[in-house]
Amino acid sequence: MPGAVLSGLAARWGSKPVKIAFITLGCKLNQCETETIAAGFAAKGFEVSVGAPAASPADIIFINTCTVTSKAEQKARRIIRAALKTANLVIVSGCYAELNKSDIEKLDSGGRLKVVGISERETIAGLVDSIVGSGQWVVGSEQWVVGSEQRVEGSEQWVEGSGQWVEGSGQWTVGSEQWVVGSILSSRKQSTNECNNVEADIPDTTPATGNQQPATGNRQPATGLLLTTHYPLPTNFRSRPFIKIQDGCGRACAYCRTVLARGKSVSVPPQTILAALSAYEKAGALEAVLTGVNIGQYSVDSGQGTVDSQGTGDRGQGTGDSQGTVDSPVTGCRLPVGSDISNTKPETGNQQPATGTNLSSLLGCLLDNTQKIALRLSSLEPEAFTQDFIGVFKNDRIRPHIHISAQSGCARILRAMGRGCAAVDMLETIEQLRGARNDPFIACDIIAGFPGEDDGAFAETLDFCKKARFAWIHAFPYSPRPGTAAYTMKNRPPESEAVKRVAALTALAKHENRAYIERWIERGGTLNAVPLTAGKSNTLTLLTENYIKVKIPSSGTKTERCRLTSIDGEGIVWGEFV
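Residues numbered from 1 in each chain as written. Predicted model: local features only at pLDDT ≥ 70, side-chain atom pairs only at ≥ 80, totals over all residues. Heavy atoms only, no water.

Here we look at the overall build of the protein chain
Counting secondary structure elements, the protein chain contains 15 helices and 29 strands. Across the 578 residues that make up the protein chain, the buried fraction comes to 56%. Long-range pairs, those at least 24 residues apart, make up 78% of the contacts in the protein chain with a sequence separation of at least 6. Carbon and sulfur atoms provide 48% of the accessible area of the protein chain, an area that totals close to 22400 Å². (Helix = DSSP H or I, 4+ residues; strand = E, 2+ residues; numbered from the N terminus. Buried < 20%, exposed > 50% of the residue type's maximum accessible area, 1.4 Å probe, protein only. Contact = heavy atoms within 4.5 Å. Areas by Shrake-Rupley, 256 points an atom, 1.4 Å probe, with all protein chains shown as cover.)

Laid out in structure tokens, this is it:
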């Protein structure tokens, strides 16, 4: 879609802004990137709705896709088709769009679908400008102006040096760009969408590491990373802001297709991450989620400059006893949409070199240079759990919540996957994590039905999960992904068997999850919590520091501390403010 043609979509449609709805499939990284893109559109004057269903009334629908499984791609196609029935323009991006652009483009023949792969997004400003342009399109007066170019609707006159306006067909062509007038923003649609939290449809299953090289060979990292390094952030889309710290993966497991879309591992400079975190803290956010494709591979070489230190942050054991009030169910970051924090720095103080930074030292730097905001980590590969990491994990400003990309508990299957880790080592790591914190929430991913997984191999995995006592297991059936090493592997169990194995793992997960929650109810201890949403019957839904969703009656004083009181037959956890 030519940028010039859609110039000025941020301008008012009559007296109202153009409405754009954002839908996200996939991991926390996709959610983070969606919100960054949405912030860019909001800064241009669009009315933005995040987490809207495909059928929501909107002039433009933006869909961020996932390619982890074939079902994720099927769901994306279904949502795209639904969006094309209601919106004037549908923009599709993400990993699926990067790898299967031509297939997605076939879903529409009316000129209302734009597919933007990760490698095409470059910067958030570039993406928005490619849609919005720098001109002005005032629909109410039927006048479209870009620089000195002008098309007046009434007289069917098009003035532009090299362009062509075909009066009868409503078609404008400049080079290879084409605008079909009747199909883009041709009618006004009313919307009642609010800015809601993004809802991930596919759990956070970041690609795993092993000892194989990426299937992409020497392919350079996709430029999606720049969607975070060029802010307008933070936004007000959620109470727990996401901060992208890394993109891509330096290795490729046999089943993983995400690395084909994302490229090799690249990391956001610590100065940029600290600037974002400091701004979120100043805005009142209680915690931030650090995310990426494989954040355990976070690494910044020398020559990245220095980090301005406040010199007043508490890197040691935080008190965790703040009693600040919560003003609304979604209190958190409330900076104006479009605030540019790319040059934001924490208050002046000592200088710390940012050379040789890995995940552990990054966490230490962020703790040293902020006051109160807590850090939650997205999925981690087993290789991330170094002794340095265990040491940093002891800090109670790091949320006691770990999600391990385990994928299997069978040594033979782990080798076939190219994982480069052993089940016995993961069990040892889990005990070290429990020794560092008081009964943290430890979860994992498990793939059932990988090629070669017979009954004995699955029994090993089930036994591994029982020994680990995971507070949750995200189990899903293996999905052959084109372009991966496992795609042509033989001896794949029947899909029906994989489904049964997923059911067995999920049953174990539910049992262990309830046992974990009941332990915390029996202790009667207090927990830090972040409000998520307002519930029915005057209740609030909060997320505790150890990843338990709890409902609390909204009457009375609201604090950042709560106590779990009961769990009902449906698994709903109830609590009270303290």
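Side note on the sheet that holds strand β5 (residues 113-115)
Taking strand neighbours across the sheet as the criterion, the 5 strands line up as β2-β1-β3-β4-β5 in an open arrangement whose pairing is parallel. Bordering the open sheet on either side are β2 (47-50) and β5, each of which pairs with just one other strand. For this sheet the average axis-to-axis angle between neighbouring strands, irrespective of direction, equals 20 degrees. Here strand β1 (residues 19-24) pairs with strand β3 (residues 60-65) via 5 bridges, running parallel. The residue bridging Phe 22 from the neighbouring strand is Phe 62, located in β3. Contacting β1, β2 and β3, helix α1 (residues 28-43) crosses the sheet at an angle of about 170 degrees to β1. Helix α2 (residues 70-86) rests against β1, β3, β4 (89-94) and β5 of the sheet, and its axis sits at about 175 degrees to β3. (Pairing = 2+ DSSP bridges. Axes fitted to C-alpha atoms, helices over the stretch in contact; angles between N-to-C directions.)

Some details on the pairing of strand β23 (residues 441-448)
Among the 8 residues that make up β23, 8 are buried, leaving the element largely enclosed by the rest of the structure. Along β23, one buried face is formed by Phe 441, Ala 443, Asp 445 and Ile 447 and the opposite face, lined by Ile 442, Cys 444, Ile 446 and Ala 448, is buried too. Across 5 bridges, the pairing between strand β22 (residues 401-407) and β23 is parallel. Each bridged residue has a counterpart across the sheet, and for Gln 407 the counterpart in β23 is Ile 446. As judged from the 6 bridges shared by β23 and strand β24 (residues 472-477), these two strands associate in the parallel manner. Looking at the pairing, Cys 444 lines up with Ile 473 of β24. Handedness of the crossover joining β23 and β24 through helix α14 (residues 455-468) is recorded here as right-handed. (Right-handed = clockwise from strand over helix to strand, strands pointing away.)

Overview of the nonpolar core
Core analysis: the largest hydrophobic core is formed by 56 residues, its most contacted members being Ile 243, Ile 245, Leu 363, Leu 380, Phe 389, Phe 470 and Ile 473. Filtering out sequence-adjacent residues up to four positions away, Leu 363 remains in contact with Leu 290, Leu 375, Leu 377, Phe 389, Val 392 and Ile 398. With 22 residues, the next largest nonpolar core counts Leu 25, Ala 58, Ile 63 and Ile 80 among its residues. (Core = buried A, V, L, I, M, F, W, Y, C linked by side-chain atoms within 4.5 Å.)

Describing the packing of α14 against helix α15 (residues 495-523)
Running from N to C, α14 and α15 cross one another at 15 degrees; their axes reach a closest spacing of 11 Å. Compared by their axis directions, α14 and α15 come out roughly parallel. When the axes of α14 and α15 are compared, the crossing they make is right-handed. Together, Asp 455, Phe 458, Leu 462, Cys 465 and Lys 466 of α14 and Glu 497, Arg 501, Ala 504, Leu 505 and Leu 508 of α15 make up the contact between the two elements. Each residue belonging to the contact of α14 with α15 can be placed in one class, and the counts come to 6 nonpolar, no polar and 4 charged. (Parallel < 35°, antiparallel > 145°, perpendicular 65-115°, else oblique. Left-handed = near helix turned anticlockwise from the far one by under 90°. Nonpolar A, V, L, I, M, F, W, Y, C, P; charged D, E, K, R; others polar.)

Some remarks on the pattern of salt bridges
In this structure the tally under the stated criterion is 25 salt bridges. Linking Glu 576 and Arg 563 is a salt bridge whose minimum nitrogen-to-oxygen distance equals 2.9 Å. Taken as a pair, Glu 576 in strand β29 (residues 573-577) and Arg 563 in strand β28 (residues 561-567) lie far apart in primary sequence, 13 residues in all. (Salt bridge = Lys/Arg side-chain N within 4 Å of Asp/Glu carboxyl O.)

Digging into α14
With 14 residues, α14 should reach 20 Å at 1.5 Å per residue; the first-to-last C-alpha distance of 20 Å fits that figure. At the N-terminal end of α14, a side-chain oxygen is found 3.3 Å from the backbone nitrogen of Gly 456, two or three residues along, and the residue is Asp 454. Phi for Arg 469, located one or two positions after α14, is positive at around 55 degrees. (Expected span 1.5 Å × (residues − 1). Polar contact = N/O pair within 3.5 Å; in protein donor to acceptor, adjacent residues only side chain to side chain.)

Focus: the environment of His 511
With respect to the helices and strands, the residue His 511 is situated in helix α15. The class for His 511 is exposed, based on a relative accessible area of 54%. Remark: the alpha-carbon pair of His 511 and Trp 472, spanning 39 residues in sequence, is separated by 9.0 Å.

Re the confidence of the model for the protein chain
Chain-level pLDDT for the protein chain is 74 on average; 66% of the residues reach the 70-or-more range. Note on residues 134-235: pLDDT is under 50 here. Beyond four places in sequence and across chains, it has 306 contacts. (pLDDT = per-residue confidence, 0-100.)

Quick look at helix α13 (residues 423-436)
Compared with the 20 Å implied by 1.5 Å per residue over 14 residues, the 20 Å span of α13 between its first and last C-alpha is a close match. Within α13, the full set of buried residues consists of Ala 423, Met 426, Thr 429, Ile 430, Leu 433, Arg 434 and Ala 436. The buried residues of α13 occupy an angular sector of 155 degrees when the element is viewed end-on, so they sit on one face. Among the exposed residues of α13, those pointing more than 90 degrees away from its buried face are Val 424 and Gly 435. Each element contacted by the buried residues of α13 is listed here: α11 (387-393), β22, α12 (411-417), β23 and α14. (Arc of directions from axis to C-beta.)

Some details on the sheet that holds β24
One open sheet accounts for 3 strands, arranged β22-β23-β24; its pairing is parallel. Edge positions in the open sheet fall to β22 and β24, since each of these has one partner strand only. On average, each strand axis in the sheet is inclined to that of its neighbour by 15 degrees, with strand direction left out of account. Running at roughly 180 degrees to β22, α13 makes contact with β22 and β23 of the sheet.

Here we look at unusual backbone geometry
At Gln 407, a residue that is not glycine, the phi angle is positive and equals roughly 75 degrees. Note that Gln 407 resides in strand β22. Looking at Gln 407, the relative accessible area reads 2%, which means it is buried. Its identity is not glycine, yet Asn 491 carries a phi of approximately 60 degrees, on the positive side. Looking at the secondary structure, you find Asn 491 in the loop between β24 and α15. The exposure class assigned to Asn 491 is exposed, which follows from its relative accessible area of 66%.

Digging into the environment of Pro 57
By secondary structure assignment, the location of Pro 57 is in the loop between β2 and β3. Residues Pro 57 and Ala 21 lie 36 residues apart in sequence; the distance between their C-alpha atoms is 8.3 Å.

A closer look at the packing of aromatic side chains
Taken as a whole and assessed by the stated rule, the structure comprises 10 aromatic pairs. An angle of 15 degrees between the planes, with centres 6.1 Å apart, marks the rings of Phe 389 and Phe 393 as stacked. Taken as a pair, Phe 389 and Phe 393 lie in helix α11 at a separation of 4 residues, close to a single helical turn. Each member of the pair Phe 389 and Phe 393 is classed as buried. Judged by centre distance (5.8 Å) and plane angle (65 degrees), the rings of Phe 464 and Phe 470 are edge-to-face. The residues Phe 464 and Phe 470 share a single accessibility class, namely buried. Feature note: the residues Phe 22, Phe 41, Phe 46 and Phe 62 constitute an aromatic cluster, connected by ring pairs. Just above the ring of Phe 393 sits the side chain of Arg 437; from NZ or CZ to the centre is 5.5 Å. For Arg 523, the ring lying beneath its charged end belongs to Trp 520, and the centroid distance is 4.6 Å. (Phe/Tyr/Trp six-rings, centres within 6.5 Å; stacked < 30°, edge-to-face > 60°. Lys NZ or Arg CZ within 6 Å of the ring centre and 35° of its normal.)

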